[in-house]
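Breakdown of the fold
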Amino acid sequence: MARSDEAEAFFTAVYRAVQEIPEGKVTSYGHIAKLVGTPQRPRQVGLCLKHLPSDPTSRFNHDNVPWQRVINAKGIISPRSQPSGSLNQAAALEEEGVTVTTGALGELMVDFAEFGWFPRVLPSEAEGGVSDGDDDEEVSEGDSEDGQQ
DNA sequence: TTCCTGACTCTAT
DNA sequence: AATAGAGCCAGGA
């Protein structure tokens, strides 16, 4: 059952990456996927959070993993999490100082340019990516996988 | 066991 | 610029 072991490692990597997100900041599934070394599998990242145990005795749980700080690349809180209680998620983000804008359709949009958190300042961003009004959440392929400690 | 869906993203049209 | 389609892999029925 090596496959389950790999899946567990993936889950753990995702949870750790999410834990690294500072309060008042948000990131995207795709970015987390890159951190864990699987930039091609952002959906799996979402599954990890969905399977995130609520059991406090578990190594990772909703109390230790700020899953609510993880949103999609469009800067919008995943509408599929609504049945789970996206309003609670949005409210929690605002509590942390994140401005959540509600769209006409009810989509919860977060200003990624300001609240988007990245583990490392990628060269493209460092040379002057985000600065004034024009936002550009595009992240260049930084590569250089930093091993999970 | 197989098939489908899914907390997404990227690329092409 | 906007829309549509493909890709990825795991969990649930």
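Residues numbered from 1 in each chain as written. Chains lettered and ligands numbered in written order. Predicted model: local features only at pLDDT ≥ 70, side-chain atom pairs only at ≥ 80, totals over all residues. Heavy atoms only, no water.

**Some words on the environment of L108**
- The topology assignment puts L108 in strand β4 (residues 108–110).
- For L108, a relative accessible area of 7% translates into the label buried.
- Spatially, the C-alpha atom of L108 lies 8.2 Å from that of S78, the residues being 30 residues apart in sequence. (Helix = DSSP H or I, 4+ residues; strand = E, 2+ residues; numbered from the N terminus. Buried < 20%, exposed > 50% of the residue type's maximum accessible area, 1.4 Å probe, protein only.)

**What to know about the protein's contact with DNA strand C**
- Inspection of the region around DNA strand C gives Q40, R41, R43, Q44 and H51 as its neighbouring residues.
- Of all DNA strand C atoms lying within 4 Å of any protein atom, the proportion belonging to sugar or phosphate reaches 75%.
- R41 places a side-chain nitrogen or oxygen 2.4 Å from a sugar or linking oxygen of DNA strand C.
- In this structure, R43 approaches DNA strand C through a side-chain N or O atom, which is 3.0 Å from a base oxygen.
- For the surface near DNA strand C, the class distribution of residues is no nonpolar, three polar and two charged. (Near = heavy atom within 4 Å. Polar contact = N/O pair within 3.5 Å; in protein donor to acceptor, adjacent residues only side chain to side chain. Nonpolar A, V, L, I, M, F, W, Y, C, P; charged D, E, K, R; others polar.)

**A word on the protein's contact with DNA strand B**
- Around DNA strand B, a shell composed of 16 residues is seen, among which G46, L49, N72, A73 and R80 lie nearest.
- Within the contact set of DNA strand B, a base nitrogen lies 3.5 Å away from a side-chain nitrogen or oxygen of Q44.
- Separating a base nitrogen of DNA strand B from a backbone N or O atom of L49 is a distance of 2.7 Å.
- By residue number, the principal contributor to the surface near DNA strand B is helix α3 (residues 42–50), which donates seven residues.
- By residue class, the composition of the surface near DNA strand B is six nonpolar, seven polar and three charged.

**A word on the environment of T12**
- For T12, the position within the fold is in helix α1 (residues 2–19).
- On the basis of relative accessibility, which here comes to 15%, the residue T12 falls in the buried class.
- Spatially, the C-alpha atom of T12 lies 24 Å from that of N88, the residues being 76 residues apart in sequence.
- With sequence-adjacent residues up to four places away left out, T12 is seen in contact with R59 and F60. (Contact = heavy atoms within 4.5 Å.)

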